[in-house]
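# Structural features, examined
Chain by chain, the residues run as shown.
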Amino acid sequence: MEATSTNEEDDSTLPQIETKFKLLEFEKQIFIDVFEKDALLILAKGLNYNGIISNLLWVYKDPANLVLVINSSDHEEKYFTEKFNLKPLPNLGTEREKVYLEGGVQFVSTRILVVDLLKQRVPVAKITGIIVLRAHTVLESCQEAFALRLYRQHNKTGFVKAFSSSPISFTFGYHQVEKVMRAVFVTELFLWPRFHGTIIKCLKKRQAEVVELHVPLSSNVNHIQTCLLDIMNYTVKQLKSVNRTLDMQEITTENCISKKFHKILQSQLDCVWHQLSTRVKEYVQDLKVLRSMIINLIHDDSVSFYALVSKYRTPEYAKVNSGWILLDSAEQLFRLAKSRVYNHKNEFDPEHLPKWKVLSDLLLEEIPEEVKKKNKGSLNSTKILILCQDSRTCSQLNNFLTMGANKYLFYTAFRRDLNVTTLASKYKDINTIASDIKKEPVAEETGDINKLEEEEIEDCDRTNYVLTLTQLATQSDNKTSKDESMFEPISQIDNLDITQLETEKPVICIRTFKENGNHFSLEQALESLRPAYIILYHSDVAAVRQIELFEARKAEGEPRCKVYFVIHDKTVEEQAYLTSLKREKQAFELLIQAKSVMVVPSYQDGKTDEYFNMNIEEEEDAVDTRKAGGQQPREKPMVIVDMREFRSDLPALLHRKGIHVEPVTITIGDYILTPDTCVERKSISDLIGSLNSGRLYTQATHMCRCYARPVLLIEFDQNKPFNLQGHFVGSSDMSGADIQQKLQLLTIHFPRLKLVWSPSPYATADLFHELKQGKKNPSVSEAIAFGGDNTADDVNYERYNVLVHDFVQKLPGVTSKNLARIMNKGRSLDHLITLDKEQLAEVIENKNEAETLYSVLHIKATPSDAGKDEKQTGKKKFTGKLFRSKTKKTCMKDS
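The rules we used
Residues numbered from 1 in each chain as written. Predicted model: local features only at pLDDT ≥ 70, side-chain atom pairs only at ≥ 80, totals over all residues. Heavy atoms only, no water. Helix = DSSP H or I, 4+ residues; strand = E, 2+ residues; numbered from the N terminus. Buried < 20%, exposed > 50% of the residue type's maximum accessible area, 1.4 Å probe, protein only. Contact = heavy atoms within 4.5 Å. Areas by Shrake-Rupley, 256 points an atom, 1.4 Å probe, with all protein chains shown as cover. Pairing = 2+ DSSP bridges. Axes fitted to C-alpha atoms, helices over the stretch in contact; angles between N-to-C directions. Core = buried A, V, L, I, M, F, W, Y, C linked by side-chain atoms within 4.5 Å. Expected span 1.5 Å × (residues − 1). Salt bridge = Lys/Arg side-chain N within 4 Å of Asp/Glu carboxyl O. Patch = residues over 30% accessible without salt bridge, like charges linked within 9 Å, V, L, I, M, F, W, Y side chains within 5 Å. pLDDT = per-residue confidence, 0-100. Lys, Arg positive; Asp, Glu negative; His and termini not counted. Polar contact = N/O pair within 3.5 Å; in protein donor to acceptor, adjacent residues only side chain to side chain. Left-handed = near helix turned anticlockwise from the far one by under 90°. Nonpolar A, V, L, I, M, F, W, Y, C, P; charged D, E, K, R; others polar. Phe/Tyr/Trp six-rings, centres within 6.5 Å; stacked < 30°, edge-to-face > 60°. Parallel < 35°, antiparallel > 145°, perpendicular 65-115°, else oblique.

This paragraph deals with the overall build of the chain. Helix and strand counts for the chain come out as 38 helices and 19 strands. Counting only residues that meet the buried cut, the chain has 50% of its 895 residues in that class. By sequence separation, contacts in the chain at least 24 residues apart represent 75% of the contacts at least 6 residues apart. With an accessible surface of roughly 44,900 Å², the chain has 49% of that area assigned to carbon and sulfur atoms.

Rendered as C-alpha cells:
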C-alpha cells in the first residue's frame, strides 16, 4: 500500500477481518501488510503499535512456533508479558535452552540472545521469526543487528518484522532508513503518517468534542517572554558568527524551544566539540539555560520562576556565562520577574498563573453545570482527567487545588527561601496559613533537617494524583472564593486501582502524558478510567492522537468525551507544539521521498544481505579450493571475547569482518586474539575510573604474567572527539595531562604492555582483523585456566616464577626485548651465574647488554665504590629458584 495516498477509500476496500484484539480499520490494514511481508513499519507519534503487536503475538503463540521479541523497553515487555501471561527467561543458559525448545513467544534481551546464538543454545533453524521493537535505535554495529545477522546466517526462511513510532529519528544521518532496513534484513517499508487518507477517514467517523481555550498571558509574562526571545536571538547570532565554517542550519531560535533541542545540538556539535573555543561552549550552555527559563516561565508559578531567575543574577554566574546578563533585556527580565512576586510597596503579592483561573472555572462551574443538566443535578460517577507534561506540574496542580492559590504560593516562597517581610492585604488569613506552614521548621531544629527537601522530591516523583470535591463544595451552591481549597485527595487511591473507586463523588485524576517514560500509560489510563471530560493542561502531539484513538474505539452507544485544550495563545508553548507537528510532517515527507528512490537488495532463493552472502560464499569457495588441491583447509579466525564485552559494539563488528566470536567468561583481559596476545579494552570513562582506583595496575600485572604480548586498547566513542585535551565529560576532576602522566607510569612499570589508541569500534575491528592475519587461534581452555580462581601469589598458573621474574627484570642489561629470552633459555639464577660472556651473548643476542649483565654478576665492588662501609657485598649465597614453574608445562614456553 502506498503511504503517500491521501484519497479516501470505500468501505469495501478496507480489510474485513476479525482479530483477537480489537483494531481500527487502518490498524487492520497495517496488520495484514506486516503479517504478509518482512517489513519496517514507521507510525506517526502517538499511533501506538501495541494492538498490532498483540495480534501478531496471539497468532504465533502456539508452541509449534518460536517467535523472539527483541529490543523492547521494560514497559513494553511488562505490558505484553502480563497480557499473554508469559514467563521470563531463566538466568542459566542450560535452562534457557530448554525454554527455547518449548516454543511460543519469548521476550529476550539482545545481549543474552547473541551469546545463546554463538553458544548454539537456540535452535536457529526452528525459529519462526523475530520481532524488533523501537527499530529506530538499531544500527549496523549494535547487538540487535548482530543477533539478526547470526539468525539470518542459518535461517533464510523465518520472518523479521520491525516497528518504530519515531519518524524524526530516521532523518538524522545520511540514508538512515536504508541503513536500518539493511541492519534488520527487511525489504519493505510501510509509512503511516497522521495525514494518511485511511487514518483521516477512520478517525473522522467518531471524534471527541473539542473546546480550545486560548488563555492570554499577563503583561509581565508577555514582556519577559519577549526579553528571553531577544536574548536567545542574540546568543544564536553570536554562536553562528564565530563558527561560520560549521553547519548550524538547525540551530535556530524556533528549534531552541522545541523538546528535541538537545538532540539537535548533539548531532550538530558533538563531533567537533573539542575544536570549539571556550566562548562557543559558553554560548551553547547559555542557550540551554535560556530554554529552561522560557519553558519555566509558561509552566511554573511566579514564585518558582523568580527563584530560578535569581540564581543567575550572581557574581559567580557572571564569570562563566557568555555575557547575556549584561544586556538591557536581561536587566528588564530580572526587574519584571521580581515585579510578578512583589508589588510597588515591596509587599509579597505574587500573581497567579492565568491557567489556574481557567482550570478552577472548568472544575467548579462549567463542567458541574453541564453534568447537572445531563444527570438531573447529580455529579456522581463523573470522571475528569487532567493531563500534564511532567510530574512537577502534576504536583503544582495538586497543591493548588488542595491548598488554594494564596496558601500554595506562600508555601512555595517559604520553600524557596524568598525574603518575605510584609504581605499584601489579600492575605487576610495569613496567620492561619503561617501557623500551618511554620510548624515544619521546628522539625528541622529537632534534627529532621532534610524533611522539606525529601517531601518536595517525593512530590515531584509522583506522576498521578486523584482528587474529589470537598463536602462544602458539593453542598454549597454559593460562589466560594477561588483562593480557598475546594478539593481533597482520595487517600485510599495509593493501594487501589482507579476502576475500584467509589462513584459517589466526582473523581479528578491528574497525571502525566507518559508515566515514568511509559508510552502505553496514557492509553491504559484512558481505558481503565474512561473519563467523560479530559483537560489538556499542556499540549502534546502524542497525547492528542491517543485521545483520538480512544474515542474512535468506543462502542456506538457510549457517550462522546469532551476535551478542553488549554493553551497560551501566541506564545512559545503554542510555537513548540506547532514546531513538533511541522518537524514530524517534514520527516515523513523525506521518508516518502526516500522510499520512492530506494534501492533495497532482494532476498531471492533464500539469499540475504549481499555483503553477508559474499563473505559466506568466499569462505566456502576457499575451503573447496584447498580440499581439491590436497591442502589443509585454513582455520577460520577466532577471537575469545569476555561475556561482559557483549554490551559494546565491537563483537558485532568483529563478526562482520568474518571473525568467529567465542563468548567465554574470562578474568584476565577482554579479548584473546592469539595464544600470546591479550587485549584489555577501555573506554575513556572506564580508563579514568581504572586509573583512579588502581584496578588497571592489577589488570596489567595479570596480563603481563600470563601473556607474552599484553595490549591495552584505549577506545574512543566514534561520536566524540579523538583526543585527550581539556576536561572530559565523564570526569571534571581529571584532565588529559593527568591521564597521560598515569599512563606513562604504567608503561614504565610494564615495559611489555603495548598501548593502542583507537578512534572508534570500527577502527578496532580493522586492527584486530590485521593482527589475526596468519596467526594461530587462541585456546579456550588455556584462557579459562589463566583466569581461574588463582591469585597473584599462586604460581601454578603463572608463565614464570613471579619473584624471579621481577628480580631479573631489574638487573642492568636486562630490557623488555631480551627478558623473555633470558627467562626461556635460562634454567635458574645459579645457572645464569655460571654462563660466560659468549654464552650470555648467545642467550641475549646482544653483545653490549651481555657484557653489562656479566659485569654485574661477576665483577666485585672495589673499596672506593664501597666507601666507608667495610662490609663485603655478595657474601650470602642466593639459593637458585627455577625460572619457570614445573606445575604447568604449557606456561613454560613463550609461544
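On to the sheet that holds strand β15 (residues 660–664), then. What the six strands build is an open sheet, ordered β15-β14-β16-β17-β18-β19; its pairing is mixed. In this open sheet, the two strands that pair with only one neighbour each are β15 and β19 (754–758). Recorded for the sheet is a direction-independent mean angle of 25° between the axes of neighbouring strands. With two bridges joining them, strand β14 (residues 638–642) and strand β16 (residues 671–674) adopt antiparallel strand pairing. Each residue of the ladder has a partner; that of V641, found in β16, is Y671.

To continue, consider the nonpolar core. Core analysis: the biggest nonpolar cluster contains 97 residues, and L40, F163 and V177 have the highest contact counts within it. When residues in this core are grouped by element, the largest group, six residues, is from helix α6 (residues 143–154). Excluding residues that lie within four positions of it along the chain, F163 makes contacts with V34, L41, Y49, I52, I53, L56, I131, V132, L133, R134 and A135. Membership of the second largest hydrophobic core comes to 67 residues, among which are Y317, F334, L353 and I386.

Attention now moves to the pairing of strand β9 (residues 464–469). Of all six residues making up β9, five are buried, and the element is well covered by its neighbours. The pairing of β9 with strand β11 (residues 507–512) spans four bridges and is classified as antiparallel. Paired with V466 across the strands is C509, a residue of β11. Summarising the sheet, β9 and strand β10 (residues 487–489) pair through three bridges and their orientation is antiparallel. Bridge assignment links L469 to a residue of β10, and that residue is F487.

A word on helix α29 (residues 695–706). Taking 1.5 Å of rise per residue, twelve residues should cover 16 Å, and α29 covers 17 Å from first to last C-alpha, within 8% of that figure. Looking at α29, one finds that the buried residues are L696, A700, T701, M703, C704, R705 and C706.

For the rest of this paragraph, the subject is the pattern of salt bridges. The final tally for this structure, using the stated rule, is 29 salt bridges. K205 is the salt-bridge partner of E25, the closest N and O atoms lying 3.6 Å from each other. Placement of the pair is E25 in helix α1 (residues 25–36) and K205 in the loop between α8 (197–204) and β7 (209–215), with a sequence separation of 180 residues. When its relative accessible area of 27% is taken as the criterion, E25 is described as partly exposed.

Counting buried positions along strand β18 (residues 709–715) gives six out of seven residues, so the element sits mostly inside the fold. With seven bridges joining them, strand β17 (residues 677–683) and β18 adopt parallel strand pairing. By the bridge assignment for β18, S683 is matched with E715.

Residues F35, W58 and V59 make up a contiguous nonpolar surface patch of roughly 250 Å² in combined accessible area. Following the sequence through the fold, F35 ends up in helix α1.

Our focus in this paragraph is the confidence of the model for the chain. Confidence in the prediction of the chain, expressed as mean pLDDT, is 77, and 74% of residues score 70 or more. This model gives residues 472–480 a pLDDT under 50, and the stretch forms five contacts once residues within four places in sequence are excluded. Between residues 884–895, whose pLDDT stays under 50, and residues either more than four places distant or in other chains, the model counts 37 contacts.

This part covers the side chain of E662. With respect to the helices and strands, the residue E662 is situated in strand β15. Here E662 occupies a buried position and makes no salt bridge, while the nearest side chain of opposite charge, K119, is found at 4.2 Å. Within the local environment of E662, its side chain forms a polar contact with the side chain of H660, the two groups lying 3.2 Å apart. Contact partners of E662, with chain neighbours within four places excluded, come to K119, M638, V639, I640, V641 and V780.

What follows is about the packing of helix α13 (residues 302–311) against helix α15 (residues 328–339). Close contact between α13 and α15 brings their axes to 9 Å; oriented N to C, the two are set at 145°. Note that α13 runs across α15; the crossing there is left-handed. Together, F305, Y306 and V309 of α13 and L333, F334, A337 and K338 of α15 make up the contact between the two elements. The residue inventory of the contact of α13 with α15, partitioned by class, reads six nonpolar, no polar and one charged.

What follows concerns the packing of aromatic side chains. Under the definition given, this model contains 22 aromatic pairs. Considering the side-chain rings of F21 and F84, the 5.8 Å spacing of their centres and the 80° angle between planes classify their relative orientation as edge-to-face. Pair noted here: F21 is in the segment before α1 and F84 is in helix α3 (residues 74–84), with a separation of 63 residues, a long-range link. Its relative accessible area of 16% is what places F84 among the buried residues.

Now for the packing of helix α2 (residues 50–59) against α3. One can describe the packing of α2 onto α3 by two numbers: an axis separation of 11 Å at closest approach and a directional angle of 45°. What the angle tells us is that α2 and α3 run oblique. Remark: the crossing between α2 and α3 carries right-handed chirality. Side by side, α2 and α3 meet where N50, I53, S54, L57 and W58 of the first sit next to Y79, F80, K83 and F84 of the second. For the contact of α2 with α3, a count of residues per class yields six nonpolar, two polar and one charged.

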